[in-house]
Amino acid sequence: MKKVWENISKNRYYKMVFKNPFTYITGAVLLSITQIALFAYSGNPWGVSGTLANWGAWIYELFGGSVEKWYYFSSSGAQATLNAGILNHSGTMLNVGIVGGALLATLLASQFKWKKIKSVKQIVAAVLGGLLMGYGARLAGGCNIGALFSGIASLSLSGWVFAVFLLAGAWIGSKLLAKFFM
Amino acid sequence: MAEYELDCMGEACPLPLMKAEKKIKDLASGDVLIVHIDHSCAMKNVPEWARSQGHNVEVDEVDDGEWDVIIEKA
């Protein structure tokens, strides 16, 4: 049995598809095709962070809270999505698919590893960064997927405006990274 | 021909690349820098950067999800 696995791990097609990272071009083409397929199937462009806001609302409701009066969830569309529940939410399926797909990919490449947290600094940076990104994405009406990727793919100028400010943010972020982690 | 090591285990991108860029300045031509990484995107961007600088690069998969990027300074 061990021999079979060894042979598979040396197979040229296994290496090409599962082991070696795709080139940027391959990745870009695959992303383009799948986002067109998603748009054709669901009628909505791909987004990620809007779903996270819905998850927050569902968790809040689980503890007896109500978001009906919150401006962000006040539209009838947003209310209908929340009332339909998490199991009927296509964005949730997409996000779970991203996590599940990433896990599957790393397992297929034999690269799965539990990683150590090196310092408290890493936790603080991850939490602060996550909060800033999540809050910023809601203010901007999308993240680097919904606002940038899907925006530009829809030939919308807003995607390019988002790109300019994303680059500015990334520049500031890299300066902070160098200051606190180097 | 000295050998240097850089431990970047548990560090996410782009830190391994930034640290390697800084460390390589201390090396003389012909010295070797071994960067230990466990973040798969560093396995791509560290060798790419080093090759673009003209250094000799080898990537060694030491364990599941762990690599040594061996850079010989040009």
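So, how was this worked out
Residues numbered from 1 in each chain as written. Chains lettered and ligands numbered in written order. Predicted model: local features only at pLDDT ≥ 70, side-chain atom pairs only at ≥ 80, totals over all residues. Heavy atoms only, no water. Helix = DSSP H or I, 4+ residues; strand = E, 2+ residues; numbered from the N terminus. Rg over C-alpha atoms; globule rule 2.2 N^0.38 Å. Buried < 20%, exposed > 50% of the residue type's maximum accessible area, 1.4 Å probe, protein only. Contact = heavy atoms within 4.5 Å. Areas by Shrake-Rupley, 256 points an atom, 1.4 Å probe, with all protein chains shown as cover. Lys, Arg positive; Asp, Glu negative; His and termini not counted. Charge placed at Lys NZ, Arg CZ, Asp CG, Glu CD. Polar contact = N/O pair within 3.5 Å; in protein donor to acceptor, adjacent residues only side chain to side chain. Axes fitted to C-alpha atoms, helices over the stretch in contact; angles between N-to-C directions. Parallel < 35°, antiparallel > 145°, perpendicular 65-115°, else oblique. Nonpolar A, V, L, I, M, F, W, Y, C, P; charged D, E, K, R; others polar. pLDDT = per-residue confidence, 0-100. Core = buried A, V, L, I, M, F, W, Y, C linked by side-chain atoms within 4.5 Å. Disulfide = S-S within 2.5 Å.

Visitor: Would you take a moment to explain the overall build of chain B for this structure?
Guide: Each helix and strand counted, chain B has two helices and four strands in total. Helices (α) and strands (β) of chain B occur, in sequence order from the N terminus, as β-α-β-α-β-β. Relative to the compact-globule value of 11 Å for 74 residues, chain B shows a C-alpha radius of gyration of 11 Å, a close match. Across its three principal directions, the C-alpha atoms of chain B cover 30 × 20 × 20 Å. Buried residues in chain B amount to 51% of all 74 residues. Look at the contacts in chain B between residues 6 or more apart in sequence, and 64% of them connect residues 24 or more apart. Split by element, the accessible area of chain B, about 3600 Å² in all, is 45% carbon and sulfur. Side-chain charges in chain B split into 7 positive and 17 negative, and the spacing between the mean points of these groups amounts to 11 Å.

Visitor: What exactly am I supposed to notice about the environment of E5(B) here?
Guide: All names here are of chain B. Tracing the chain through its elements places E5 in strand β1 (residues 3-8). Its relative accessible area of 53% is what places E5 among the exposed residues. Spatially, the C-alpha atom of E5 lies 21 Å from that of S52, the residues being 47 residues apart in sequence. When neighbours within four sequence positions are excluded, E5 is seen to be in contact with L33, I34 and H36. In this structure the side chain of E5 is engaged in a polar contact, spanning 2.6 Å, whose partner is the side chain of H36.

Visitor: Is there a simple way to think about the packing of helix α4 (residues 49-62) of chain A against helix α6 (residues 90-108) of chain A in this case?
Guide: The angle between the axes and the distance between the axes are what describe a pair of packed helices. All names here are of chain A. Relative to each other, α4 and α6 sit at 110°, their axes nearing to 9 Å. Overall, the two elements α4 and α6 adopt an arrangement that is roughly perpendicular. Taking contact as the criterion, the partners of T51, L52, W55 and W58 in α4 are, on α6, G91, T92 and N95. For the contact of α4 with α6, the residue count by class is three nonpolar, four polar and no charged.

Visitor: Would you explain the confidence of the model for chain B in this entry?
Guide: Should the pLDDT be low somewhere, the predicted coordinates at that spot are not to be read in detail. Residues at a pLDDT of 70 or more form 100% of chain B, whose mean pLDDT is 94. This prediction of the complex comes with two scores: 0.86 for pTM and 0.82 for ipTM.

Visitor: Honestly, the nonpolar core in this entry has me stumped. Any pointers?
Guide: What tends to happen in soluble globular proteins is that the nonpolar side chains get buried as a cluster. Counting residues in each nonpolar core, the largest one holds 18 residues, and the members touching the most others are V35(B), I37(B), V46(B), W49(B), V69(B) and I71(B). Not counting residues within four places of it along the chain, the set of residues in contact with I37(B) comprises C8(B), M9(B), P16(B), A42(B), M43(B), G65(B), E66(B), W67(B) and V69(B).

Visitor: Hey, could you run me through the state of the cysteines in this one?
Guide: A disulfide bridge is the covalent bond that connects two cysteines by way of their sulfur atoms. Taken as a whole, this structure holds one disulfide over all chains when the rule is applied. Covalent S-S linkage joins C13(B) and C41(B), the inter-sulfur distance amounting to 2.1 Å. Pair noted here: C13(B) is in the loop between β1 and α1 (15-23) and C41(B) is in the loop between β2 (32-37) and α2 (42-52), with a separation of 28 residues, a long-range link. Judged by its relative accessible area of 32%, C41(B) falls in the partly exposed class. In this structure C143(A) is a free cysteine whose sulfur lies 18 Å from that of C41(B), the closest cysteine sulfur available. Overall, C143(A) belongs to the buried group, its relative accessible area being 11%. Cysteine C8(B) is unpaired, with the sulfur of C13(B) as its nearest cysteine sulfur at 9.8 Å.

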